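Descriptive analysis of the structure
Spelled out, the chains give:
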Amino acid sequence: MAEKIWGGRFQESPTAAVEAFTASIGYDIRLAPADIKLSKAHATMLCSCGLLSADETVDLHQVLGEAETSLKNGTFLIDPALEDIHMHLEVFLTRRLGDTGRKIHTGRSRNDQVATAFRIWCRDHIDVLTLNLTTLQKALVCCAERHQGAIIPAYTHWQRAQPMVASQHFLAHVERLDRDRQRLRDTRSRVNLLPLGSAAAVGSSLPLNRELVAELLDFDGVCTNSLDATSDRDFALDFAYNLMMIAQHLASMAEEWIMWSTTEFDFVQLPDRFCTGSSIMPQKKNPDVLELIRGRTGRAVGALMQLITTVKGLPLGYQRDLQEDKIPLFTSYDSVSESVTLLAALVDEMELKDASIQKSIHRGYLDATSVMEFLIEQGTPMRVAHEKVGKLVHAAESAGGSVVTLNDLPLSVLETIDPLLATPQASLAMGADHAARRLRSQGGGGHQSVANQIKVWNDRLSL
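Residues numbered from 1 in each chain as written. Predicted model: local features only at pLDDT ≥ 70, side-chain atom pairs only at ≥ 80, totals over all residues. Heavy atoms only, no water.

**Comments concerning the overall build of the protein chain**
Summing up its helical and strand segments, the protein chain has 21 helices and six strands in all. Computed over the C-alpha atoms, the radius of gyration of the protein chain is 31 Å, more than 25% above the 23 Å expected from 2.2 N^0.38 for a compact globule of 463 residues. Looking at the protein chain as a whole, 48% of its 463 residues qualify as buried. Across the protein chain, every contact between residues at least 6 apart in sequence was considered, and the portion connecting residues at least 24 apart equals 76%. Separation between the mean location of the 46 positive side-chain charges and that of the 57 negative ones in the protein chain comes to 2 Å. (Helix = DSSP H or I, 4+ residues; strand = E, 2+ residues; numbered from the N terminus. Rg over C-alpha atoms; globule rule 2.2 N^0.38 Å. Buried < 20%, exposed > 50% of the residue type's maximum accessible area, 1.4 Å probe, protein only. Contact = heavy atoms within 4.5 Å. Lys, Arg positive; Asp, Glu negative; His and termini not counted. Charge placed at Lys NZ, Arg CZ, Asp CG, Glu CD.)

See below:
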């Protein structure tokens, strides 16, 4: 019991099985940089309050720096009996500094210490992920610029709907990722409040200066209720939800591009170095990276569910259940962060197969809405125009399925449905290229709108 920081009232040590079951050092060692940072700030504050001497503070800072170096170069000794990284660091200080090391825990509990370290970890990794999402957005905007001349089908219900400039597809994903960045910024504002100084649950009788610690650690302020501060994990749930949403958006991209890479679509050429082959079929080029990005969505969804289940029904005040908050968030972050980085690199090299796309762009009557809107411009009521173009599509299907397009139909058929359809002006609404060029609403998939969107994103992302 010699080095158990709580061992004074116990006569027996925990069994090996209990120590193994309760230990978290196997994963919370990731909190070490945050714990060292907060311990330095805590020591500085204790010195300002007269609870540490200047020399003791210097010694603590120096040895904490040594611990940080030891962790970085892999020489830091791990003892499973010490439970977590917080006990490891305190014992590290005590072994080198004796009573000075024992003073580091003055005015704090592991409850507020863990909560603070976890918030610092979340804050720092939110910042990293936000930058990585920006990199992916930039890659998508560059991809959109490369493909401004290409026309592709837009789909609803996985059926061909209308033609659009291909760039609109990539820019749509940029919009989704920007909402992810906004959510992360919003979450960061709630993460960045300091629990330290709340002690176990109700604060301390010592003259602590929490505002000073908040300033030293770049927190926006302090948690204003000590009982809530030590038990709150809303910030972790927020972050887990953010990660889950990002994973969903990445999976959507992956799903589309997996489909686009098939022979049936033949829309996109994936870079070889992001694909693998088959152990038996020599011709195969499998989109494994995209498939795994799609598949790993389950980790982020599962992590959120695990965290929700962990905190469900917990009373106020720290409960040991909260030790289980880190593994799911670490797992989700690792998976999502890696996926974002890989996807950005893939997008940089991905190219549309324009020639292949153009071979089939006439299929599916992508110009039907354009023809309907032409009739509306000539004064035809919308529902009447809708019905007439529906008859036009039926006539084309009856004449030869997807082989016959609307502008392939004889003038006599067009005149029977509506004489306006047989005019030269109507022909300018037919065909995928014409239909795409007619798109002019703000935010739409037409050439000018897409060019405007690209300019906006270039400015916002400083490309």
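Continuing now.
**Thoughts on the nonpolar core**
Leu-136, Phe-239, Trp-257 and Leu-329 are the most contacted members of the largest nonpolar core, which totals 103 residues. In terms of residue count, helix α11 (residues 234-260) provides more of this core than any other element does, 16 residues in total. Apart from the residues within four sequence positions on either side, Leu-136 is in contact with Leu-177, Leu-250, Met-253, Val-340, Leu-343, Ala-344 and Val-347. In terms of nonpolar packing, the next biggest core, distinct from the first, is built from 21 residues, Val-371, Ile-417, Ala-422 and Ala-429 among them. (Core = buried A, V, L, I, M, F, W, Y, C linked by side-chain atoms within 4.5 Å.)

**So, the packing of aromatic side chains**
In this structure the tally under the stated criterion is 14 aromatic pairs. Between Trp-158 and Phe-265 the ring centres are 5.6 Å apart and the planes differ by 70°, which places this aromatic pair in the edge-to-face class. With Trp-158 in the loop between β1 (151-156) and β2 (159-165) and Phe-265 in the loop between α11 and β5 (268-269), the pair connects residues that are 107 residues apart, well separated along the chain. Residue classification places Trp-158 among the partly exposed residues on the basis of a relative accessible area of 39%. On the accessibility criterion, Phe-265 (16% relative accessible area) is buried. Measuring from centroid to centroid gives 6.2 Å for Phe-170 and Trp-257, while their planes differ by 45°, and the two rings are tilted. With Phe-170 in helix α8 (residues 167-191) and Trp-257 in helix α11, this pair connects stretches of sequence that are 87 residues apart. Considered together, Phe-170 and Trp-257 belong to a single accessibility category, that of buried residues. (Phe/Tyr/Trp six-rings, centres within 6.5 Å; stacked < 30°, edge-to-face > 60°.)

**Concerning the pairing of β1**
The side chains of a regular strand alternate, residue by residue, between the two faces of the sheet. As defined by bridge partners, β1 adjoins β2 across six bridges and the pair is classed as antiparallel. From the neighbouring strand, Ile-152 faces β2, where its bridge partner is Met-164. Joining the antiparallel neighbours β1 and β2 is a turn of two residues, in which His-157 adopts a positive phi near 55°. (Pairing = 2+ DSSP bridges.)

**Some points on unusual backbone geometry**
The general pattern is negative phi for most residues beyond glycine and trans for most peptide bonds. Within the chain, Ala-199 stands out as a residue other than glycine whose phi angle is a positive 60°. Along the chain, the position of Ala-199 falls in the loop between β3 (193-194) and α9 (210-216). Look at Ala-199 and you get buried, because its relative accessible area is 9%. One non-glycine residue, Asp-218, adopts positive backbone phi at about 60°. With respect to the helices and strands, Asp-218 occurs in the loop between α9 and β4 (221-222).

**What about the pattern of salt bridges?**
Applying the stated criterion across every chain yields a total of 30 salt bridges. The salt bridge involving Glu-351 is made with Arg-146; its shortest N-O contact spans 3.1 Å. Taken as a pair, Glu-351 in strand β6 (residues 351-352) and Arg-146 in helix α7 (residues 110-146) lie far apart in primary sequence, 205 residues in all. Taking relative accessible area as the criterion, Arg-146 reaches 34% and is therefore assigned partly exposed. (Salt bridge = Lys/Arg side-chain N within 4 Å of Asp/Glu carboxyl O.)

**A short note on a nonpolar patch on the surface**
Together, Val-301, Met-305 and Ile-308 give the surface a local cluster of nonpolar side chains, amounting to about 230 Å² of exposed area. Inspection of the secondary structure puts Val-301 in helix α13 (residues 297-311). With a relative accessible area of 31%, Val-301 lands in the partly exposed category. (Patch = residues over 30% accessible without salt bridge, like charges linked within 9 Å, V, L, I, M, F, W, Y side chains within 5 Å. Areas by Shrake-Rupley, 256 points an atom, 1.4 Å probe, with all protein chains shown as cover.)

**Considering the side chain of Thr-405**
Within the element layout of this structure, Thr-405 appears in the loop between α17 (382-400) and α18 (411-417). Within the local environment of Thr-405, its side chain forms a polar contact with the side chain of Asn-407, the two groups lying 2.6 Å apart. Looking at Thr-405, its side chain comes within polar contact range of the side chain of Asp-408, at 2.9 Å. Beyond its immediate chain neighbours, meaning those up to four positions away, Thr-405 contacts His-362, Tyr-365 and Ala-396. (Polar contact = N/O pair within 3.5 Å; in protein donor to acceptor, adjacent residues only side chain to side chain.)

**Here's the deal with the packing of helix α4 (residues 54-73) against helix α5 (residues 85-97)**
Contact geometry for α4 and α5: axes closest at 10 Å, N-to-C directions at 125°. Relative to α5, the element α4 is oriented oblique. In this structure, α4 crosses over α5, and the sense of that crossing is right-handed. Residues Asp-59, Leu-60, Val-63, Leu-64, Glu-66, Ala-67 and Leu-71 of α4 form the contact with α5, whose participating residues are Leu-89, Phe-92, Leu-93, Arg-96 and Leu-97. Split by residue class, the contact of α4 with α5 holds nine nonpolar, no polar and three charged. (Axes fitted to C-alpha atoms, helices over the stretch in contact; angles between N-to-C directions. Parallel < 35°, antiparallel > 145°, perpendicular 65-115°, else oblique. Left-handed = near helix turned anticlockwise from the far one by under 90°. Nonpolar A, V, L, I, M, F, W, Y, C, P; charged D, E, K, R; others polar.)

**Describing the state of the cysteines**
Taken as a whole, this structure holds zero disulfides when the rule is applied. Unpaired in terms of disulfides, Cys-142 finds its nearest cysteine sulfur in Cys-143, a separation of 8.7 Å. A relative accessible area of 31% places Cys-142 in the partly exposed class. (Disulfide = S-S within 2.5 Å.)

**Overview of the side chain of Thr-230**
With respect to the helices and strands, Thr-230 occurs in helix α10 (residues 226-231). Engagement of the side chain of Thr-230 in a polar contact is seen with the backbone oxygen of Leu-227, the distance being 3.3 Å.

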